[in-house]
Amino acid sequence: MAPTSSSKIKTKKSLDSYGAPSQHSQPSRKGKKAWRKNVDLTDLEKGLESIREDERVLGTALHKQPDSQLFTVDLTGDATIRRTVQKKPLKSTMILAARSAIPSVSSRSKAPSFALPKKAAPGAKRLSNEEKQRLLKIARRKHKGPFNSYVDPTQFGAGSAIMTPSEAVKESGKYDIWDEDHSDEEFVKDLQAKSSTLDEEDVREYLIPLVKKLRVKPPKSDEALSSIEVKAVQDPHQGTSYNPYVDAHQDLLKAAHEVEVVKEAEHQKQEAIRETMRAAGQAPRIEDDSGALGMQIDIPNSDQEDEAEDAEPQSTKVVTVRKQVTKTKQQRAKAARVREEKRLAAEKVAKKRFASSFSALKSIKRSVNAQLSASEKAAIERKLARRNRFKEGLTGKRAGKYKVPKATIDVQLGDELADSLRGLKPEGNLLRDRMLSLQQRALVEPRVPAVPRRNTARVKEYEKHEWKRFQ
């Protein structure tokens, strides 16, 4: 084959920017692939683009408009046409005057209702005077107070804080989340009025559970805790008065003395336990081979026991091996028949016992009802006992992890009583009393003060290797 000279392939330049991409010029049209690849769509793209331009400017294509909108027939003419004809406008003016039939996207932000201009539409809503005064108060500007007097924002109680009750406070008490809504009848009537094909049973069974908003279920609380009849603020004892009666003061002193006696007894008990542990730690050690006191496991007496064991004759035990007996086919069949006869006899006895139990069915039912009534009666009694036990509050009872503490008795001795109100000393703590009252009424969980734990880990000291090398 003769060598062919290499020639540069010429590319066809694109005539416009919106047409199909230019392909390499190729005179050959051999095959469908070459026809599809090298077809020229420039004229077709120009025609489509001109139609799109007409739709953007006029709204529809030019060939689709009627003749009445494209042409006019002048039958009379105009003598003053020369005077009315203006000069040809500039090209820039014509470009700016051309408008599209498609409305543009509005980028202007609408003014809020409280920032309307003075010449606003008659139906526009303006800022109310109350809202304006509230905003001025928040911004610490001068605003009108009572009797149309201006209030200084730096004045106490007239700053940015809102002194008027909020909407939540005004609407409080009107809505109960635990109240049951009985609007099912109205809902069913509305649906049946809109569609006569709906059945009432289908609406109640299928539509109401899906469409209607479910009510919040109240939490299940303990009935015994709801029976607490303790006052939020209990009446103080008469002996706590600054000028109490003698009997009342003595009774209060006696109650405080009993509490202190119990505390002292508990303290003495704990102290005795500490002394016992301290004495056990300081006890002298017994230095013998038997070990410490209380840890003696075995104390050998002498070698007599070992000699006695050696003198006893060794007893020989005979191990009997049980021989495995293999049964014949007849013996296995006989054993199977015996087992089947026993099973049938047991079933017969069970059926006879079951049939005889029908006659005693009424007595069994009476005994079961008696047991149920007894258990129900016992459960009711336990519930009443629990309610009576919690009627006086949770003082001294465990509620959760800890017990509810008892209230401390604040009492003064006879020589500490003040002669007048001038020398009266404050006693007790209102915050502690309120917290204790909440715990006794099961409104707050009892807790203990969180004491930080002391770090008992020993600090290990290490000597660096460099400090070991010294001369």
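Since this is a predicted model, take the numbers as computed values, not measurements.

### Things to note about the overall build of the protein chain
Okay, so step 1: Looking only at helices and strands, one finds 16 helices and 4 strands in the protein chain.
Okay, so step 2: Considering the protein chain as a whole, with its 471 residues, one finds that 8% of them fall into the buried category.
Okay, so step 3: Pairs at least 24 apart in sequence give 49% of the contacts found in the protein chain among residues at least 6 apart.

### So, a negative patch on the surface
Okay, so step 1: A grouping of Asp199, Glu201, Asp202 and Glu205 is seen on the molecular surface, where their side chains present a negatively charged patch.
Okay, so step 2: Among the secondary structure elements, Glu205 is positioned in helix α9 (residues 200-211).

### Observations concerning the pattern of salt bridges
Okay, so step 1: Considering all chains together, one arrives at 11 salt bridges under this definition.
Okay, so step 2: A salt bridge links Arg56 to Glu49; the nearest nitrogen and oxygen atoms lie 3.5 Å apart.
Okay, so step 3: One salt bridge in this structure joins Asp235 and Lys231, with 3.5 Å as the shortest N-O distance.
Okay, so step 4: Looking at Asp235, the relative accessible area reads 61%, which means it is exposed.

### A look at a nonpolar patch on the surface
Okay, so step 1: On the surface, Val39, Leu41, Leu44, Leu48 and Ile51 cluster together to form a nonpolar patch covering roughly 390 Å² of accessible area.
Okay, so step 2: Take Leu41: it is sitting in the loop between α1 (32-37) and α2 (42-58).

### Focus: unusual backbone geometry
Okay, so step 1: Backbone geometry places Ala442, a non-glycine residue, at a positive phi of 60°.
Okay, so step 2: In this structure, Ala442 sits in the loop between α15 (430-440) and α16 (465-468).
Okay, so step 3: On the basis of relative accessible area, Ala442 is assigned to the partly exposed category, the value being 31%.

### Structural notes on the nonpolar core
Okay, so step 1: Ala224, Ile228, Val230, Phe390, Leu394 and Val404 form the largest nonpolar core, which has 6 residues in total.
Okay, so step 2: Beyond its immediate chain neighbours, meaning those up to four positions away, Ile228 contacts Phe390, Lys391, Gly393, Leu394, Gln440, Arg441 and Ala442.

### Looking at the confidence of the model for the protein chain
Okay, so step 1: Mean pLDDT over the protein chain works out to 76, with 73% of the residues at or above the 70 mark.
Okay, so step 2: Here residues 1-15 scores under 50 on pLDDT; set against residues more than four positions off or in separate chains, the count is 10 contacts.

### Notes on the side chain of Gln439
Okay, so step 1: One can find Gln439 in helix α15.
Okay, so step 2: If sequence neighbours within four positions are ignored, Gln439 has contacts with Leu394, Val404, Pro405, Val444, Glu445, Pro446 and Arg447.

### Section: the environment of Ser420
Okay, so step 1: With respect to the secondary-structure elements, Ser420 resides in the loop between β4 (402-403) and α15.
Okay, so step 2: Residues Ser420 and Tyr242, spaced 178 residues apart in sequence, show a C-alpha to C-alpha distance of 8.2 Å.

Rules used in this analysis
Residues numbered from 1 in each chain as written. Predicted model: local features only at pLDDT ≥ 70, side-chain atom pairs only at ≥ 80, totals over all residues. Heavy atoms only, no water. Helix = DSSP H or I, 4+ residues; strand = E, 2+ residues; numbered from the N terminus. Buried < 20%, exposed > 50% of the residue type's maximum accessible area, 1.4 Å probe, protein only. Contact = heavy atoms within 4.5 Å. Patch = residues over 30% accessible without salt bridge, like charges linked within 9 Å, V, L, I, M, F, W, Y side chains within 5 Å. Areas by Shrake-Rupley, 256 points an atom, 1.4 Å probe, with all protein chains shown as cover. Salt bridge = Lys/Arg side-chain N within 4 Å of Asp/Glu carboxyl O. Lys, Arg positive; Asp, Glu negative; His and termini not counted. Charge placed at Lys NZ, Arg CZ, Asp CG, Glu CD. Core = buried A, V, L, I, M, F, W, Y, C linked by side-chain atoms within 4.5 Å. pLDDT = per-residue confidence, 0-100.

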